[in-house]
Structure formats: structure tokens, C-alpha cells
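Chain by chain, the residues:
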Amino acid sequence: MTPARTAERIRVAAVGDLHMHAAVAGRFRPDFLHLSEVADVLLLAGDLTDGGTRSQADLLCAELESLPVPVVAVLGNHDHDDESGDLIAARLTTVGVRVLDGTSICFEINGIRLGVAGVMGGSGGFPGHPGTPDEGSAEHRARMRRGPVDALRLRRALSRIDCETRIALTHFAPVVDTLAGEPPKIYPGLGCHDLAEAVDTGGAVLAVHGHAHGGSEFGRTQGGVPVRNVSYPVLRRAYAVYEVGPGSRRPADREQVPSPP
């Protein structure tokens, strides 16, 4: 049964890690075209292409063009593989997708102002699973240092949102809860605790991320903010739908499974 719109609530559809390439082209679009029946906005949590190529960007845009609800995205690490992150962001903009990178956007939905702030995020580690930002290759050190840097950018973007209902959108994980299922030894590479601190101090009511293909959907920050890993390999469906409302820290999770085309 399709969830009905609830007064003073916003239905948020979210998915990440589409890893768009020729073999999966068209997989998501049939469900995306019916989004307005179950959701008010769609959030995309990075790794939207498999390798950041121009051809994959074209396939991604074909998947997302002219959808019936606003679409907000952040890029993931694979979207930068071909050094084409800026190109992918620009292409997405041409089909109406709002791409965030240390920025935020607000919508008026169902009589409620919704703000979304987004960054890719990065590695950095967690309490009990520390990163090694001063060891290894230059590439490794850069990844480990990006998490705290993007956490600061996320905090600033959240603070600029002039409404109570704020969502934090990242690719990398802010908590270890949603990494459960991944090998603990790689936790530091999958996210950063500083992102969770930004979520808490920034007043978010929900945090959405991807990246951890073998992780778990549900988690929570120390401050009590619900965190959702919406990586497609975790969800195993075109998107999940959650409900949020003003000042709420406990969104009613709607386990909506889109009907097959």
C-alpha cells in the first residue's frame, strides 16, 4: 500500500550508490517516475556513476531527467574517478538536479520548509576505529583528512539553513552503526565521526549517506539524530522513504518497496 501524505510531515525518498553504467541503465527510472505517489523529494547519496565517465554521466541524466519531485544530490568518490566530478555536477544541473557541495537548499513542501545541506564527506575514522591521516601514501592521507574538512563544511551549511527541518546528506558515513556488516578494519575508510558531530551541532533531524555497500540501514548519532545508509546494495530497492517533520528527531521510517514495473 502506498503511504499517504501525513499532515505536517515530509516524505523523503533516498538512495545512493547507483553506480550507473551501461549494464544497469534504466533500472531505476520506472520507479523514479512514480515518486510523487510516495514521496515529496528525492535525495541521492553519491557514487551515482560507476567510474565518473562522460558516458555514465549521460546514462545517469537519462535516469533522472524530468522526475516528478525535486531531486537533491551529492557526489561520491567514484564520481570523481575520471576527474569529471565538476562535469557530472554540471550535467545533473541541466536536468534539474540540485547538486550540493558544502552548500544547502530549501524547499516549501506540504506547508513545511525543508532544508538540505550536503557534502561528499570522507574518511577519518571513529572512536575505537581511528584513522591514520599521517601515514601511508599521499592519496591515503588526503582521504583521511577530507572527512574532518568536509564535516566543518557540512556544519557551516547546516547552520545557514533558515528553518527547523534540516537534513544532512553525505556520501561517507557519519556513524559506525550503519557500517555493521562491513569488516571493522575498513571502518576508518568508510566515514568520519566528525560528520556526526556536524549533524548534531547543525540541528539536523535526519542524516542520509551511502558508500557502505555491506553495511546496515539504521543508525543514530550520539545526539540522537537518526542516520540512514541508503546505499542501493543495502536497500536492495530503488529507494527508501522516511518521514520527517519540524523539530522531529525520530522520523517515521516508511519501508516502502516500489512496485515492480
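Keep in mind the model is a prediction, meaning the values are calculated, not measured.

Draft legend 1. Highlighting the side chain of His 211. The residue His 211 is located in the loop between strand 10 (206-209) and strand 11 (218-220) in this model. Residue contacts for His 211: discarding those within four places in its chain leaves Asp 17, Asp 47, Asn 77, His 171, Phe 172, Gly 189, Leu 190 and Ser 231.

Draft legend 2. Broad picture of the sheet that holds strand 6 (residues 112-118). Spatially, the six strands line up as an open sheet ordered 5-6-9-10-12-11, and their pairing is mixed. Single-partner strands in this sheet number two, and they are strand 5 (103-109) and strand 11. Between one strand axis and the next, the sheet turns by 25 degrees as a mean value, whatever way the strands run. In this structure, strand 5 lies alongside strand 6, joined through seven bridges in antiparallel fashion. The residue of strand 6 that forms the bridge with Ile 105 is Val 116. Sitting on the sheet, helix 4 (residues 138-159) is in contact with strand 5, strand 6 and strand 9 (165-169), with an inclination near 160 degrees to strand 9.

Draft legend 3. Layout of empty space enclosed by the protein. Enumeration over the complete set of coordinates arrives at one cavity of 30 Å³ or more. A volume near 30 Å³ is recorded for the largest cavity. Contributing to the lining of the largest cavity are Leu 154, Ala 168, Thr 170, Pro 174, Leu 195, Val 199, Ala 207, Val 208 and His 209. Going through the elements one at a time, helix 6 (193-201) and strand 10 are the ones with two or more residues in the lining of the largest cavity.

Draft legend 4. Spotlight on the packing of aromatic side chains. What the rule picks out here adds up to three aromatic pairs. Between Phe 28 and Phe 32, the ring centres sit 5.9 Å apart and the planes meet at 20 degrees, which makes this aromatic pair stacked. Exposure class is identical for Phe 28 and Phe 32. Each is buried. For the ring pair Phe 28 and Tyr 232, a centre distance of 5.0 Å and an interplane angle of 75 degrees mean the geometry is edge-to-face. In this pair, Phe 28 is assigned in the loop between strand 1 (10-15) and helix 1 (29-32) and Tyr 232 in helix 7 (residues 232-235), connecting sequence segments 204 residues apart.

Draft legend 5. Seen up close, the UniProt feature "domain: Calcineurin-like phosphoesterase" (unreviewed entry) in the protein chain. The positions that UniProt labels "domain: Calcineurin-like phosphoesterase" (unreviewed entry) are, in the present scheme, residues 10-214. The span residues 10-214 is 29% helix and 22% strand, and its two end C-alpha atoms sit 28 Å from each other.

The rules behind these values
- Residues numbered from 1 in each chain as written.
- Predicted model: local features only at pLDDT ≥ 70, side-chain atom pairs only at ≥ 80, totals over all residues.
- Heavy atoms only, no water.
- Helix = DSSP H or I, 4+ residues; strand = E, 2+ residues; numbered from the N terminus.
- Contact = heavy atoms within 4.5 Å.
- Pairing = 2+ DSSP bridges.
- Axes fitted to C-alpha atoms, helices over the stretch in contact; angles between N-to-C directions.
- 1 Å grid on protein atoms, 1.4 Å probe; cavity = no way out; pocket = protein on both sides within 12 Å on 5 of 7 lines; lining within 4 Å.
- Points joined across faces, edges and corners; volume = space filled by probe spheres on them.
- Phe/Tyr/Trp six-rings, centres within 6.5 Å; stacked < 30°, edge-to-face > 60°.
- Buried < 20%, exposed > 50% of the residue type's maximum accessible area, 1.4 Å probe, protein only.
- UniProt positions renumbered as here; feature names shortened; annotations may be inferred.

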